Amino acid sequence: MDFDFTTFPVLETDRLTLRAINLEDAKAVFGLRANKEVNKYIQRESLKNLSEARAFIDQATNLVADNKGVFWVIESKNSAELLGTIGLRNFDVAENYAEIGYEIHPDYQERGYMTEAFEEVLEYAFEKMELKTIEAFTHKNNLASITLLHKLDFDLQVDRTDEGFEDNRIYKLEK
């Protein structure tokens, strides 16, 4: 089972559109990925300028074009504002497996947006992509992320570690 994202899978919920990222998103992506609160529990370099934001957008676009991942921006239907991102990658076709990654700007946290986006992506992953296992990696102190994963029935993998990221915990959801 190979994945084909040639026709990008736009997903919709009551309040959100999950769509492909594009260069017009550079300013919002910069605001998201340069935000200290967003990066508090993520081991990555913060973006320093719009050029780095555009390079990230190119990277995400290429991941989709190469069918090695699918990366959505989470956009409000009401305001067309970019609230966050969510994506699937590191596919293992033999195991029907993917990793999920996600982030939301602090201005939009605690409003149910990420839960809404996450549920839509999980439905797509399990129903359309026919995945059987999705894993999330989150920092042990990121209580908002851990709460979200528990709410969505992910299970902590107590016997596993995220090599190179000793503070991360692995959560798994199987269909």
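Enquirer: Just to check I follow, could you spell out the overall build of the protein chain for this structure?
Expert: When you go through the protein chain residue by residue, the secondary structure sums to five helices and eight strands. The secondary structure elements of the protein chain, listed N-terminal to C-terminal, are β-β-α-α-α-β-β-β-α-β-α-β-β. Rg of the C-alpha trace for the protein chain: 15 Å, near the compact-globule value of 16 Å for 175 residues, within the 12% margin. Taken over the C-alpha atoms alone, the protein chain extends approximately 40 × 35 × 30 Å along its principal axes. A burial count over the protein chain gives 47% of its 175 residues as buried. Accessible area for the protein chain stands at about 10000 Å²; split by element, carbon and sulfur atoms hold 44% of it. When the 21 basic and 34 acidic side-chain charges of the protein chain are each reduced to a single mean position, those positions are 4 Å apart.

Enquirer: So what exactly am I meant to see when it comes to the packing of helix 1 (residues 26–33) against helix 3 (residues 50–65) here?
Expert: Working note: a packed helix pair is described by the angle between its axes plus the distance between those axes. Following both chains from N to C, one finds helix 1 and helix 3 inclined at 100 degrees, their axes separated by 8 Å at the closest point. Taken together, the axes of helix 1 and helix 3 lie roughly perpendicular to each other. Two secondary-structure elements touch here, helix 1 through Ala 26, Lys 27, Val 29, Phe 30 and Arg 33 and helix 3 through Leu 50, Ala 53, Arg 54, Phe 56 and Ile 57. Here the residues of the contact of helix 1 with helix 3 sort into seven nonpolar, no polar and three charged.

Enquirer: Is there a simple way to explain the sheet that holds strand 8 (residues 168–174) in this structure?
Expert: Strands in a sheet are paired, the pairing made by backbone hydrogen bonds, and the direction either parallel or antiparallel. Across the sheet, eight strands lie side by side as 1-2-3-4-5-6-8-7; this open sheet has mixed pairing. Unpaired on one side and paired on the other, strand 1 (11–12) and strand 7 (155–156) mark the two borders of the sheet. Both strand 1 and strand 2 (residues 16–20) contribute to a ladder of two bridges, which runs antiparallel. Across the sheet, Leu 11 pairs through a bridge with Leu 18, a residue of strand 2. The sheet contacts of helix 3 involve strand 3 (69–76) and strand 4 (82–92), and relative to strand 3 the element is tilted by about 125 degrees. Contacting strand 1, strand 2, strand 3, strand 4, strand 5 (97–104), strand 6 (133–139) and strand 8, helix 4 (residues 113–128) crosses the sheet at an angle of about 30 degrees to strand 4.

Enquirer: Where do I start with helix 1 in this structure?
Expert: Residues lying three or four places apart along an α-helix face the same way, a consequence of the helix completing one turn every 3.6 residues. For helix 1, every residue scored as buried is listed here: Ala 26, Val 29, Leu 32 and Arg 33. Along the long axis of helix 1, the arc covered by the buried residues comes to 125 degrees, so they all point the same way. Elements that come into contact with the buried residues of helix 1 comprise helix 2 (36–39), helix 3, strand 4 and strand 5.

Enquirer: So what exactly am I meant to see when it comes to the packing of aromatic side chains here?
Expert: For any pair of aromatic rings, the description consists of the separation of the ring centres together with the inter-plane angle of the planes. Tallied over the full model, the rule gives nine aromatic pairs. Ring geometry for Phe 3 and Phe 5: centres 6.3 Å apart, planes at 15 degrees, overall stacked. We classify Phe 3 as buried; its relative accessible area is 11%. Ring centres of Phe 3 and Phe 91 lie 4.7 Å apart, and the angle between their planes is 55 degrees; this geometry places the pair in the tilted category.

Enquirer: Honestly, the environment of Leu 131 in this entry has me stumped. Any pointers?
Expert: By the secondary structure assignment, Leu 131 is in the loop between helix 4 and strand 6. With a relative accessible area of 0%, Leu 131 lands in the buried category. A sequence separation of 33 residues divides Leu 131 from Gly 164, and the C-alpha atoms of the two residues are 26 Å apart. Discounting chain neighbours no more than four positions away, the residues touching Leu 131 are Phe 3, Asn 96, Tyr 97, Ala 98, Ala 125, Phe 126 and Lys 175.

Enquirer: Sorry if this is basic, but what is going on with the packing of helix 4 against helix 5 (residues 143–151) here?
Expert: Packing of helix 4 against helix 5 brings their axes to within 11 Å, and their N-to-C directions diverge by 45 degrees. Compared by their axis directions, helix 4 and helix 5 come out oblique. Crossing angle aside, the handedness with which helix 4 passes helix 5 is right-handed. Contacts between helix 4 and helix 5 involve Met 114, Thr 115 and Phe 118 from the first element and Leu 148, Leu 149 and Lys 151 from the second.

Calculation criteria
- Residues numbered from 1 in each chain as written.
- Predicted model: local features only at pLDDT ≥ 70, side-chain atom pairs only at ≥ 80, totals over all residues.
- Heavy atoms only, no water.
- Helix = DSSP H or I, 4+ residues; strand = E, 2+ residues; numbered from the N terminus.
- Rg over C-alpha atoms; globule rule 2.2 N^0.38 Å.
- Buried < 20%, exposed > 50% of the residue type's maximum accessible area, 1.4 Å probe, protein only.
- Areas by Shrake-Rupley, 256 points an atom, 1.4 Å probe, with all protein chains shown as cover.
- Lys, Arg positive; Asp, Glu negative; His and termini not counted.
- Charge placed at Lys NZ, Arg CZ, Asp CG, Glu CD.
- Axes fitted to C-alpha atoms, helices over the stretch in contact; angles between N-to-C directions.
- Parallel < 35°, antiparallel > 145°, perpendicular 65-115°, else oblique.
- Contact = heavy atoms within 4.5 Å.
- Nonpolar A, V, L, I, M, F, W, Y, C, P; charged D, E, K, R; others polar.
- Pairing = 2+ DSSP bridges.
- Arc of directions from axis to C-beta.
- Phe/Tyr/Trp six-rings, centres within 6.5 Å; stacked < 30°, edge-to-face > 60°.
- Left-handed = near helix turned anticlockwise from the far one by under 90°.

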